[in-house]
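# Structural description and commentary
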Amino acid sequence: MAAEIEFAAVPIKVTVNGVKHEAVVEPRTLLVYFLREHLNLTGAHVGCDTSQCGACTIQLNGRAVKSCTILAVQANEAEITTVEGLAREGVLHPVQEGFREKHGLQCGYCTPGMIMTAVSLLETNPNPTEEEIRHGLEGNLCRCTGYINIVESIRWAAEKMGGKNVSR
Amino acid sequence: MFPASFGYVAAHSVEEAVQLLTKHGEDAKLLAGGHSLIPAMKLRLASPRTLIDLATVPGLRGVRMDGNTLAIGALTVYADVASSELVQKHLPGLVDAASVIGDVQVRNRGTIGGSIAHADPGADFPVILTALNASFVLQPRSGSRTVAADDFFIDFYTTAMAANEVLTEIRVPLPMAGSGTAYVKLPHPASGYVVVSAGALITRQPSGSCALARVALGGLGSGPVRAVATETELQGKPLTPEVIAAAAARAAEETDPEGDTYASAEYKRHVAIVYTRRAIEAAVQRASAS
Ligand SMILES: Cc1cc2nc3c(=O)[nH]c(=O)nc-3n(C[C@H](O)[C@H](O)[C@H](O)COP(=O)(O)OP(=O)(O)OC[C@H]3O[C@@H](n4cnc5c(N)ncnc54)[C@H](O)[C@@H]3O)c2cc1C
Ligand code: FES
Ligand code: FES
């Protein structure tokens, strides 16, 4: 009994892809599992589960973060964007389009994380060089090792967005 | 992987956090960015029964000027340290360090206070902050106390902070006119943590000689190590490449690094000499440009 109170579930409010959610979560619930299992948003993947691979990358209050290393309770009152929230009315985000145009994926496992990191990169640096792209992706691993096309996809998106800071 | 069950409390003031720590004792841990603590909890290397969240405490974020000191809130994330105009203007060496920690996502979550409190032997901020002669403001049950970086890092993951204290602020004295700061790191290719790193604060007299040198090394001990012989060797001398190289050659004196599968002790000592030279050269260059 005492233990149940001690480890009491905690109410949280989050806005995910523009939709407000209220939930009561066990404190140890990781944000990535909250998104995947409570909200059925399975875009953020669990790759390594040890903070290395970036497959679980989402935007938390506008910043790319690894959702396997954040507790759902830490996201209370936050705005979250997952890969599902990038397309608008069926129109893909330029980074998503770039990955399609330039074959930026093979198995696709790392792709949602790559795209979310790339979207954040282009928000702060709309016209990155190849080196800046590679540096910006250091927290994302592609097990299929398709880095060359990933970099080209992001360059394609930067050009499509006109090197401008398109805040969406 | 899930952490073991725990209770979660969002603290709303430092006083409340200290009270909660005192109440729960050994079973409780403070939570900042969570980027050392949560991985450790997922691996069950740590299983606190209560987490006290500091991120919900107002006023612990941001960089401000306080007289001749730059005061950085303990909950300021690395990305915000690196992009702070005050830090960029006065302490480029701190920007060097904040920009090479982990990766973009880690830099968006990890906090300067968490890095200092955690005292990982492979961490970056302890090293540069020792070189910069920083001090750390700790809040115990009543009042507050300030501990110099030189006295703070005691052993692997062990600091001068008591179990029921909260680190609230990192204070870095503004370097005197004619100073330069720099930090260079050899990261482990897989983990990104420090294999060897060097931070330097150099003050140059108008004549070109060295008025002050503080050099700290990472990766050679349980925490940051001052390169005392190097500092002494530079004192009062003209900051020529030859003088810098000769001083740097003494950087690893009196250190006893542990070798591992990636880097032997001998290799670490050698890298320490090379990186000390690079850090001093970069600091001198910035001093000349300022
Ligand atoms: C993939 C990855 C790569 C990394 N690479 C690097 C790297 O290259 N260099 C590097 O330096 N670090 C690296 N780190 C560690 C990272 O910098 C952590 O963020 C940091 O060590 C801890 O800061 P935090 O805010 O996340 O603290 P937390 O994980 O929340 O806390 C760490 C410890 O400090 C205590 N604590 C936190 N804040 C306070 C406070 N204000 N007062 C008192 N106690 C406090 C906590 O109780 C806990 O015991 C990496 C981490 C990951 C996941
Ligand atoms: S699953 Fe989060 S970083 Fe790999
Ligand atoms: S496309 Fe397969 S992991 Fe990147």
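Computed from a prediction, not measured in an experiment: that's the story for all the values here.

With that settled, the discussion passes to the overall build of chain A. For chain A, the count of helices and strands is 6 helices and 5 strands. Starting at the N terminus and walking to the C terminus, you meet the elements of chain A as α-β-β-α-β-β-β-α-α-α-α. Over its C-alpha trace chain A gives a radius of gyration of 17 Å, about what one expects of a compact globule, namely 15 Å for 168 residues. Reported as C-alpha extents along the three principal axes, the dimensions of chain A are approximately 60 × 30 × 25 Å.

This paragraph deals with the overall build of chain B. Within chain B one finds 12 helices and 14 strands. Taking the principal axes of its C-alpha atoms as reference, chain B extends roughly 60 × 45 × 30 Å. Counting all 290 residues of chain B, 53% fall into the buried class. Split by element, the accessible area of chain B, about 11,900 Å² in all, is 52% carbon and sulfur.

The subject of this paragraph is the side chain of Asp124 of chain B. Residues and elements named next belong to chain B. Tracing the chain through its elements places Asp124 in the loop between α7 (112-118) and α8 (125-131). Side-chain polar atoms of Asp124 contact the side chain of Tyr183, separated by 2.6 Å. Apart from the residues lying within four places of it in its own chain, the contact partners of Asp124 are Ala97, Val100, Ile101, Tyr183, Lys185 and Val194.

With that settled, consider the site of ligand 1. If you check the shell around ligand 1, you find 30 residues, and the closest are Leu30, His35, Ser36, Tyr78 and Thr111 of chain B. Each of chains A and B places residues next to ligand 1. Within the side chain of Lys185 of chain B, one N or O atom sits 3.0 Å away from an oxygen atom of ligand 1. Calculation on ligand 1 without its partners gives an accessible area of 960 Å², and the protein chains cover 95% of this total.

With that out of the way, let us pick up the confidence of the model for chain B. Of the residues in chain B, 100% reach a pLDDT of 70 or more, and the chain-wide mean stands at 97. Predicted complex, confidence summary: ipTM 0.96, pTM 0.97.

Taken together, the contacts link 32 residues of chain A with 33 residues of chain B. Summed over both partners, the interface of chain A with chain B comes to about 2,600 Å²; 55% of that surface belongs to carbon and sulfur atoms. Between chain A and chain B we count 4 salt bridges in total. With a closest N to O distance of 3.1 Å, Glu138 of chain A and Arg107 of chain B form a salt bridge. Counting across the chain A and chain B interface gives 11 residue pairs in polar contact (both at pLDDT 80 or more).

Quick notes on the rules
- Residues numbered from 1 in each chain as written.
- Chains lettered and ligands numbered in written order.
- Predicted model: local features only at pLDDT ≥ 70, side-chain atom pairs only at ≥ 80, totals over all residues.
- Heavy atoms only, no water.
- Helix = DSSP H or I, 4+ residues; strand = E, 2+ residues; numbered from the N terminus.
- Rg over C-alpha atoms; globule rule 2.2 N^0.38 Å.
- Buried < 20%, exposed > 50% of the residue type's maximum accessible area, 1.4 Å probe, protein only.
- Areas by Shrake-Rupley, 256 points an atom, 1.4 Å probe, with all protein chains shown as cover.
- Polar contact = N/O pair within 3.5 Å; in protein donor to acceptor, adjacent residues only side chain to side chain.
- Contact = heavy atoms within 4.5 Å.
- Near = heavy atom within 4 Å.
- pLDDT = per-residue confidence, 0-100.
- Buried area = accessible area lost by both parts, 1.4 Å probe.
- Salt bridge = Lys/Arg side-chain N within 4 Å of Asp/Glu carboxyl O.

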